[in-house]
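# Report on the structure
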Amino acid sequence: MEFSYLSTIIFLPAVGAIIIAFVPNLTQRLIRYLAALFTLVPLALSIFLFLVFDRSMGLAGAVQFEEKLAWIGAINANYHLGVDGLSLPLVILMALLGFLVVLISWKIDLRLREYFAWLLLLETSILGVFCALDLLLFFLFWEIEIIPMFFLISIWGSGRKEYSAMKYVVYTLLGSAMMLAGILSLYFTTGSLSMVDIAQAGIGSYTAVIPLAAIFFLLFTGFAVKLPVFPLHNWLPDAHTDAPTAVSVVLAGALLKMGGYGMIRLCVTIFPDIARTYAPLLVALAVVSVLYGAAVTLRQKDIKRMIAYSSISHMGYVLLGIFALSQVSLVGASLQMFSHGFITGLLFAMAGLVIHNTGERDLAKFGGLVRQMPVIAVVFSVAGLAALGLPTTSGFAAEFLVFVGSFSSTAVAGIQVYTILAVLGIVITVGYILWMLQRVFYGPALEKFNGTRDADTLEKVTIFTFVAVIMLVGIYPAILTDIIKTGIVPVMSLLGG
Amino acid sequence: MIPSALIWLIFLLPLISFAVISLFLRPLLNHKPKLSGYVTVASLLGSFALSVWVLIAVMAAPGHKLPVPDITWVVIEGGITIQLGLIVDSLTAVMLIIVTLVSLMVQVYSQGYMHGDPGYHRYFAFMSLFTASMLGLVMASNLILLYVFWELVGLCSYLLIGFWFHKPAAADAAKKAFIVTRLGDFGFLIAILLFFFNTGTFDIAELHELALTGVLSGTVLTWGAIGIFSGAVGKSAQFPLHTWLPDAMEGPTPVSALIHAATMVAAGVFLVARMFPLFEHSTQALTTVAVVGGFTAIFAASMGLVMTDIKRVLAYSTISQLGYMMLGLGVGGVAIGIFHLFNHAFFKALLFLGAGSVNHATGTFDMKLMGGLRKVMPWTYATFVIASLSIAGIWPLAGFWSKDEIVLAAFERQPILFYLAIITVFMTAFYMFRAVFLTFGGEYRGGGPEAHGKPHESPLVMLRPMVVLAVLAVVSGFWNVTGHFGQFLGHGETHGFVEGFFGVLTHGMPWLSLILAGLGILLAYAIYGAKWLSAEKIGRLFSPIYTLFYRKYWLDELYEDIFVRKSLVGGFFAGLEYFDSRGVDGAVNGVAEVTIASGRAIRRTQTGQLQLYGLFIIIGVLAIILSLYFFG
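Not measured: the values here are computed from a predicted model.

Counting its secondary structure elements, chain B contains 27 helices and four strands. C-alpha atoms of chain B, sized along the principal axes, occupy 120 × 60 × 60 Å. In chain B, buried positions account for 54% of the 632 residues. In chain B, of all internal contacts separated by at least 6 residues, the share reaching a separation of at least 24 is 79%.

Attention shifts here to the overall build of chain A. In terms of regular secondary structure, chain A is built from 19 helices and two strands. Taking 2.2 N^0.38 as the reference for a compact globule, 497 residues should give roughly 23 Å; the C-alpha atoms of chain A span a radius of gyration of 21 Å, in line with that estimate. Taking the principal axes of its C-alpha atoms as reference, chain A extends roughly 70 × 60 × 40 Å. Within chain A, the proportion of its 497 residues that are buried is 62%. Within chain A, residue pairs in contact and separated by at least 24 positions form 81% of the contacts whose partners lie at least 6 positions apart.

If you check helix 4 (residues 112-131) of chain A, its first and last C-alpha atoms are 29 Å apart, about what 20 residues at 1.5 Å a residue would give, namely 28 Å. Within helix 4 of chain A, 17 of the 20 residues are buried, leaving the element largely enclosed by the surrounding structure.

Here the focus is the interface of chain A and chain B. Taken together, the contacts link 40 residues of chain A with 37 residues of chain B. In terms of residue count, the dominant contributor to the side of chain A that touches chain B is helix 17 (residues 415-441) of chain A (10 residues). Taken together, the residues that form the side of chain A that touches chain B break down as 27 nonpolar, 11 polar and two charged.

Below, the discussion takes up the nonpolar core. By size, the foremost hydrophobic cluster in this structure holds 424 residues, and its most contacted members are Met350(A), Val272(B) and Ala349(B). In contact with Ala349(B), other than residues within four places in its own chain, are Val102(B), Met105(B), Val106(B), Ala257(B), Leu258(B), Ala261(B), Ala262(B) and Leu469(B).

What follows is about the pairing of strand 2 (residues 71-76) of chain B. All names here are of chain B. With five bridges connecting them, strand 2 and strand 3 (residues 80-84) associate as antiparallel partners. Among the inter-strand pairings, Thr72 is bridged to a residue of strand 3, identified as Gln83. As consecutive antiparallel partners, strand 2 and strand 3 are separated by three residues, and within that stretch Gly78 has a phi angle of approximately 70 degrees, a positive value.

Moving on to the packing of helix 13 (residues 303-323) of chain A against helix 16 (residues 394-407) of chain A. Residues and elements named next belong to chain A. Following both chains from N to C, one finds helix 13 and helix 16 inclined at 35 degrees, their axes separated by 9 Å at the closest point. Note on packing geometry: the crossing formed by helix 13 with helix 16 is left-handed. The segment helix 13 lies against helix 16, with Tyr317, Leu320 and Gly321 engaging Glu399, Val402, Gly405 and Ser406. Residues of the contact of helix 13 with helix 16, tallied by class, amount to three nonpolar, three polar and one charged.

With that settled, consider unusual backbone geometry. With the exception of glycine, the majority of residues adopt a negative phi angle, and the majority of peptide bonds are in the trans configuration. Of note, the bond from Phe230(A) into Pro231(A) is cis; its omega dihedral lies within 30 degrees of zero at 0 degrees. By the secondary structure assignment, Pro231(A) is in the loop between helix 9 (212-226) and helix 10 (235-242). The linkage connecting Trp395(B) with the following residue, Pro396(B), adopts the cis geometry, with an omega of 0 degrees. Along the chain, Pro396(B) turns up in the loop between helix 17 (378-392) and helix 18 (398-413). Of note, Lys531(B) is a non-glycine position whose phi angle comes to about 60 degrees, a positive value. Along the chain, Lys531(B) falls in the loop between helix 23 (508-529) and helix 24 (535-541). For Tyr553(B), which is not glycine, the phi torsion reads 60 degrees and is therefore positive. Assessed through the 15 C-beta atoms surrounding it within 10 Å, Tyr553(B) is described here as partly exposed.

What follows concerns the packing of helix 17 of chain A against helix 6 (residues 168-199) of chain B. Two elements in contact, helix 17 of chain A and helix 6 of chain B, have axes separated by 10 Å at closest approach and are oriented at 165 degrees. Classified by the angle their axes make, helix 17 of chain A and helix 6 of chain B are roughly antiparallel. Where helix 17 of chain A crosses over helix 6 of chain B, the two elements pack in a sense that is right-handed. Along the contact surface, helix 17 of chain A presents Thr419(A), Ile420(A), Val423(A), Leu424(A), Val427(A), Val430(A), Gly431(A), Leu434(A), Trp435(A) and Gln438(A), while helix 6 of chain B presents Ala171(B), Lys175(B), Phe178(B), Ile179(B), Arg182(B), Leu183(B), Phe186(B), Leu189(B), Ile190(B) and Leu193(B).

Once that is clear, we can look at the environment of Leu193(A). As for its position among the elements, Leu193(A) is in the loop between helix 7 (161-190) and helix 8 (195-201). Separated by 58 residues in sequence, Leu193(A) and Leu135(A) place their C-alpha atoms 5.1 Å apart.

What follows deals with the environment of Lys68(A). Residues and elements named next belong to chain A. For Lys68, the position within the fold is in strand 1 (residues 64-72). Spatially, the C-alpha atoms of Lys68 and Tyr79 are 5.5 Å apart, while their sequence positions differ by 11 residues. In contact with Lys68, not counting residues within four places along its chain, are Asn78 and His80.

A few words on the pairing of strand 1 of chain A. All names here are of chain A. Note: strand 1 against strand 2 (residues 77-83), six bridges, orientation antiparallel. Of the residues in strand 2, the one forming a bridge with Ala70 is Asn78. Between strand 1 and the antiparallel strand that follows it, strand 2, lie four residues; Asn76 among them carries a positive phi value of about 65 degrees.

Residues and elements named next belong to chain B. Within the secondary structure layout, Leu369 lies in the loop between helix 15 (334-362) and helix 16 (373-376). On the basis of neighbour count, Leu369 is assigned to the partly exposed category, with 18 C-beta atoms found within 10 Å. Along the primary structure Leu369 and Arg445 are separated by 76 residues, whereas in three dimensions their C-alpha atoms are 5.0 Å apart. Here Leu369 is in contact with Thr362, Thr364, Arg445, Gly446, Gly447 and Gly448, once residues within four sequence places are set aside.

Reading the values: rules and limits
Residues numbered from 1 in each chain as written. Chains lettered and ligands numbered in written order. Predicted model: local features only at pLDDT ≥ 70, side-chain atom pairs only at ≥ 80, totals over all residues. Helix = DSSP H or I, 4+ residues; strand = E, 2+ residues; numbered from the N terminus. Buried ≥ 20, exposed ≤ 12 C-beta atoms within 10 Å, placed from the backbone. Contact = placed C-beta atoms within 7 Å. Rg over C-alpha atoms; globule rule 2.2 N^0.38 Å. Expected span 1.5 Å × (residues − 1). Nonpolar A, V, L, I, M, F, W, Y, C, P; charged D, E, K, R; others polar. Core = buried A, V, L, I, M, F, W, Y, C linked by C-beta atoms within 7 Å. Pairing = 2+ DSSP bridges. Axes fitted to C-alpha atoms, helices over the stretch in contact; angles between N-to-C directions. Left-handed = near helix turned anticlockwise from the far one by under 90°. Parallel < 35°, antiparallel > 145°, perpendicular 65-115°, else oblique.

Honestly, it's all geometry; don't read function into it.
Right, dumping it as structure tokens:
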């Protein structure tokens with residue numbers, strides 16, 4: 001039997017979490033190194049998978065590195081893992097972020113043991129979501145994530161952390177409940193829990209227990225909470241504002257992508273006809289998310305809250321790309337998920353550094369910090385420019401593909417108008433990003449910030465890694481699109497396009 | 001022929017210079033700032049030499065085109081294919097010469113002007129990156145690549161306007177420039193999407209072909225062309241998106257010379273020229289270009305009349321001259337518009353370097369604090385006057401030849417715009433010589449607060465490039481005296497040099513503009529030179545108009561205060577935010593509160609008394625019986 005790459009990648013962090021939580025007498029130093037080790041190995045393995053992944057178009061749609069074991073025979077549930085062009089980039093995203101957030105958390109010393117245990121468990125659950133091909137397994141991984149998130153926000157957070165943590169849990173559980181109802185209806189309709197089998201057989205060949213559109217929207221709502229889609233977004237600013245930096249990075253970087261991934265993997269792949277029917281509505285919702293999110297972002301006064309709101313706007317492009325239902329727009333949406341993971345992850349990391357080093361988070365109270373923290377200023381600016389879609393950053397490549405794909409899509413009537421409105425979002429984005437950079441870094445240097453620390457070596461390594469990925473994907477997007485497109489081809493053939 | 005690897009190198013050399021400075025020199029050799037200046041100049045020398053080679057090769061090539069193989073960048077089967085490719089034709093060759101030559105001169109000059117600035121490394125790093133992006137822009141063979149470089153030059157402009165970021169005015173101006181040009185780019189991006197949707201290609205040559213054969217036509221062509229033009233309006237600071245350019249003068253003066261006068265702001269004109277076959281096949285689009293250009297020319301000149309900051313005068317002059325170029329494209333075609341771009345690059349860069357030299361001596365840009373500098377700064381004075389004569393369109397300097405062609409073409413095609421253009425000739429001569437007399441004439445009025453000692457001539461490192469540009473400001477126009485420039489960029493007849501040089505004076509139109517320009521200079525002399533007329537009295541006489549010009553038609557207030565601050569951010573967006581926190585979030589918290597409250601209310605019934613529970617059961621049973629009785 002072959003080596004189980006995916007199981008190893010998924011469960012190594014969990015093993016690390018167990019060791020850190022239960023082995024007695026670990027020094028703080030050792031805990032940090034263990035956490036780094038148990039995230040570095042999955043990262044190395046996922047990069048290995050990236051290198052050996054078969055990109056040939058002949059194999060398009062094939063699931064690679066598959067693992068399948070019988071699990072619960074009575075309901076036909078299997079322990080079934082695998083990655084294709086759609087999920088592999090997200091696995092790499094999470095594995096890389098997983099390692100980087102351990103470095104970002106290096107200076108935490110409050111209840112260190114629990115902190116890293118929860119953080120590693122979180123990584124396992126997100127990786128599991130992206131690899132699971134069995135609906136029950138998928139749901140299980142999806143739910144596990146809530147527990148570490150609750151503790152991470154409510155213990156290591158700031159501000160109204162208990163409120164935000166509780167809001168996050170209630171909101172997510174609401175979405176999950178809908179999703180579970182959707183998965184159950186899907187199971188009772190098809191008698192199968194295998195995503196691959198259901199998609200291949202075609203949902204139309206079964207007698208549905210409830211209208212298919214209802215199943216579609218049950219699942220969609222679950223994912224829409226996570227993405228988030230207007231008007232289900234309000235947990236996000238609170239969770240981000242009050243979460244510790246590393247958790248914000250994972251939340252914005254990888255957790256939100258579970259929503260977009262789920263929409264493509266389940267909503268579009270399993271219900272192509274329904275997706276097509278309701279695409280105009282969902283595309284309109286995407287445009288509202290983009291513009292509404294951007295407009296509200298412009299009014300924020302807290303640096304983390306501002307970045308949080310910008311996520312709503314940027315994830316709107318993902319929704320637009322998905323339900324424009326064209327080859328290019330779907331590739332663009334997938335690339336945007338990866339790109340946003342690094343860009344917004346970096347923005348949160350930088351905001352965290354600024355807040356940590358200055359003890360300030362109100363935008364009105366900053367100014368002139370480029371003098372005191374030149375490295376942070378440069379990297380923050382790069383992240384900001386990437387967020388506003390400057391060419392040579394991944395933000396441009398992804399958003400451009402979404403725009404081109406949506407504008408030229410034939411699946412949705414009148415989508416050109418929606419796309420034009422969505423493009424308008426990038427003008428507002430320029431406004432809030434440049435305003436934020438100016439508020440924080442430019443203008444006369446302020447005396448109260450004299451002696452403020454710039455990034456240290458470890459921090460530099462971390463943030464430069466983010467920058468490198470953003471620039472690499474921006475300058476040579478084919479490094480990812482060549483993989484992503486093999487995952488989108490089967491979706492398109494199901495859509496009949 | 002020139003190997004295509006060397007053509008790529010034209011753009012790669014400054015890019016390498018940027019990488020060397022920012023990754024190697026600045027972190028490791030920070031105490032030796034001069035090195036970064038040398039690296040930049042050396043890379044530009046290389047690029048300039050290669051550009052000359054390209055020009056020669058293109059002139060010799062059949063159809064004035066060099067084939068360069070594409071490099072595949074991104075392919076999505078059944079979707080899009082994006083290539084990295086270069087167009088090397090006559091337009092590219094001319095633009096390469098302009099960009100490398102002016103950039104080279106400006107970088108040499110900067111070594112003196114920026115001497116001792118703590119951001120010396122950063123300055124040359126950005127300047128290198130800018131030059132690389134600008135060179136990429138003029139060579140790009142498809143709209144995506146062009147857009148990429150288009151945004152990158154915008155980024156460099158942002159970084160260099162805000163170079164002295166500790167000054168709030170500089171940071172504000174940088175942000176404004178980025179946002180206003182982005183507004184224009186919005187249209188540009190939509191045009192790219194529109195063309196791709198309708199033709200399936202991003203390739204510029206293919207789009208030309210489709211427009212020529214009529215496949216691309218009608219409303220798609222018109223709206224696409226207007227979208228492209230909106231990008232050009234932003235970049236080239238045409239009305240109504242011109243407001244960012246005067247503020248951009250907060251950047252270092254050599255930056256203004258290179259980016260905000262000679263090259264980047266001309267990119268909009270270049271873009272229209274690059275896509276010209278599309279404009280040519282849409283009368284509406286071409287008329288739009290001509291009207292916006294013609295109007296901007298006189299509109300900006302009117303504000304240039306009253307500014308007291310020398311760089312602002314030059315900034316409005318640039319906007320006005322860019323308007324001329326657009327008008328030239330709209331009424332005359334590529335060769336006429338680009339010929340003015342070519343000449344303007346040299347004399348306007350020179351004017352800015354002159355303003356920088358004056359600033360170096362007096363510590364101010366306010367002309368009210370200057371005066372009398374002709375005696376102490378003879379070289380600056382001489383070159384500045386040459387450039388002023390050139391821009392005023394005095395025979396036989398460069399500006400004369402290209403402006404004459406534009407005016408003539410307007411006369412033939414768009415009579416109303418012709419009158420605007422010819423009045424602008426008078427205004428141009430007036431505001432330029434107003435600046436000359438205020439700055440160099442009369443007696444020295446003390447300079448700015450930062451002036452140290454008496455004013456003095458600038459060092460040779462600054463003067464040499466100015467002299468080179470002064471020579472160009474005289475002779476660059478000679479290229480088309482024979483009609484060869486026009487033939488190179490399009491078509492047209494050529495004739496002998498002497499015939500063209502003097503023959504032009506046998507027509508009426510050149511005399512009309514020469515007389516108007518002469519009158520403009522005379523009026524400036526009368527008011528600011530000889531002081532026959534009092535500037536104050538005239539100002540009072542035309543007080544409302546003066547205020548209108550001086551306050552820039554209140555457009556800044558209209559855009560920033562009324563439109564952005566009060567209506568959008570303070571009005572509509574604030575409303576959305578209120579809705580978000582009270583409406584959406586309020587609903588969520590409301591649901592939570594209702595749940596908790598109803599839980600609290602219902603809890604009261606859970607008293608633990610069996611009698612009460614029994615009562616509930618009886619009520620329930622009664623309800624079932626009654627409902628069965630009535631509905632069953």
